[in-house]
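Chain residues, written in single-letter form:
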Amino acid sequence: MPEKRDPVQRAASGDRDLYDVTDWEVRNALDRAAVAVYDGLLTSSRYAVVLLALLVVAALFAASLGFVFLERPYVAAYVVLSVLPALALVAYVWHADATTGEPLHLLAATFVLGFLFAGFAAVLNTLFQDAFAVVGITWMVVVFYLVVGPVEETVKLLAVRLYAYRSDRFDAVVDGAVYGAVAGLGFATIENAIYIGRDVLQTLQATGVNADAAVLQIAAVRTFAGPGHVIYSAFAGYYLGLAKFNPENKGPIVVKGLLVAALIHATYNTAVSNLHLVYQPLGVPEGLVFLAFVVLYDGFFLSVLARKLKRYKAAYEESDAARYDEGDTDLKSAVRRLD
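An unreviewed UniProt entry annotates the protein as PrsW family intramembrane metalloprotease originating from Salarchaeum japonicum.

Shown next as structure tokens:
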């Protein structure tokens, strides 16, 4: 869509000064002050969001989980082990990026933001579910599609949008998939910590016995649940990258990415919640059915994501786009020289 212009702008000759009439630029102290205040408000709002996220996460742990990790450090080790498959998927997406790699500080910041913003998702999910219950909507399928999927994918995308997206090193569409995957890893890490910590706490409160068996069981489940977050947010992140380089359709593109991610996410939650419809009639172990489903479901959408990344790579190579890729040489370049 062509840029809209005021009638005076369209009609005026190029040598006429229209400053503060229909045009504007920084010319005086007041203009500079306005720019400074605007930039300051943007910066402070970003810091305020991060600080709020930090407080929410701290409150979640302090309220019910903190002592579990303090008194039983091995539980934290289980959390780390549970996110290794998700980390492997992030490494795959990172390596599939045909362009120059992303700087470590941006990847680390995105991981931290994905970790922190999970607290927002926990609060919003609870509030919306309670609101649904007030009006009589308790069917979890509806909650998955209208609350959990959209909320969680939105906060993960916000983790990319708040910092990495604004960097000059976010200079290719495919970079969105990389940062989206990293945000998903951060989200999965805290979600696994919460689920594992709560399960240990509930076991101790209910029985007072050693909770090692409970830790192993829930850690195994979370190990296979975590990769999904990486895949979903990689889709949303890819479309965020597409939006950055197609500003005329930015809004609809971002919404498309969120819809794709939220639908895949909600469908996964719905199916997992109803696996009893399969293993009970067949008399098959629940764990086996869960494992088979996760491998098939995540494997399918990982293959879709892989094809999308390969299409970008093919276009990148066929157009000789590397000539215009001005990113610095980095770890990725070194790794590819070794391949």
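There's plenty left to go through after this.
J.: Sorry if this is basic, but what is going on with the packing of aromatic side chains here?
T.: For any pair of aromatic rings, the description consists of the separation of the ring centres together with the inter-plane angle of the planes. In the structure shown here, the tally under the stated rule is 11 aromatic pairs. When the centroid spacing of 5.7 Å and the interplanar angle of 20° are considered together, the rings of Phe-170 and Tyr-179 count as stacked. For the residue pair Phe-170 and Tyr-179, the accessibility class agrees, reading buried in each case. Arranged with centres 6.4 Å apart and planes meeting at 55°, the rings of Tyr-232 and Tyr-268 form a pair that is tilted. Note that Tyr-232 is positioned in helix α8 (residues 212–244) and Tyr-268 in helix α9 (residues 250–273), a separation of 36 residues in sequence.

J.: Can you help me understand the UniProt feature "transmembrane region" (unreviewed entry) in the protein in this one?
T.: Under the UniProt annotation, "transmembrane region" (unreviewed entry) lies at residues 47–69, 75–94, 106–125, 131–151, 172–195, 215–241, 253–268 and 288–306. With 100% helix and 0% strand, residues 106–125 has its two end C-alpha atoms placed 28 Å apart. Taken end to end, residues 288–306 is 100% helix and 0% strand, and its first and last C-alpha atoms sit 26 Å apart.

J.: Which parts of the structure should I look at to understand the confidence of the model for the protein?
T.: Keep in mind that low pLDDT regions are not for reading the predicted coordinates in detail. Taken residue by residue, the protein gives an average pLDDT of 85. The fraction at 70 or more is 87%. Within the protein, the lowest mean pLDDT, 48, falls on helix α12 (residues 331–338), and the highest, 96, falls on α9. Confidence over residues 334–339 falls short of pLDDT 50; this stretch has 8 contacts with residues more than four positions distant or in other chains.

Calculation criteria
Residues numbered from 1 in each chain as written. Predicted model: local features only at pLDDT ≥ 70, side-chain atom pairs only at ≥ 80, totals over all residues. Heavy atoms only, no water. Phe/Tyr/Trp six-rings, centres within 6.5 Å; stacked < 30°, edge-to-face > 60°. Buried < 20%, exposed > 50% of the residue type's maximum accessible area, 1.4 Å probe, protein only. Helix = DSSP H or I, 4+ residues; strand = E, 2+ residues; numbered from the N terminus. UniProt positions renumbered as here; feature names shortened; annotations may be inferred. pLDDT = per-residue confidence, 0-100. Contact = heavy atoms within 4.5 Å.

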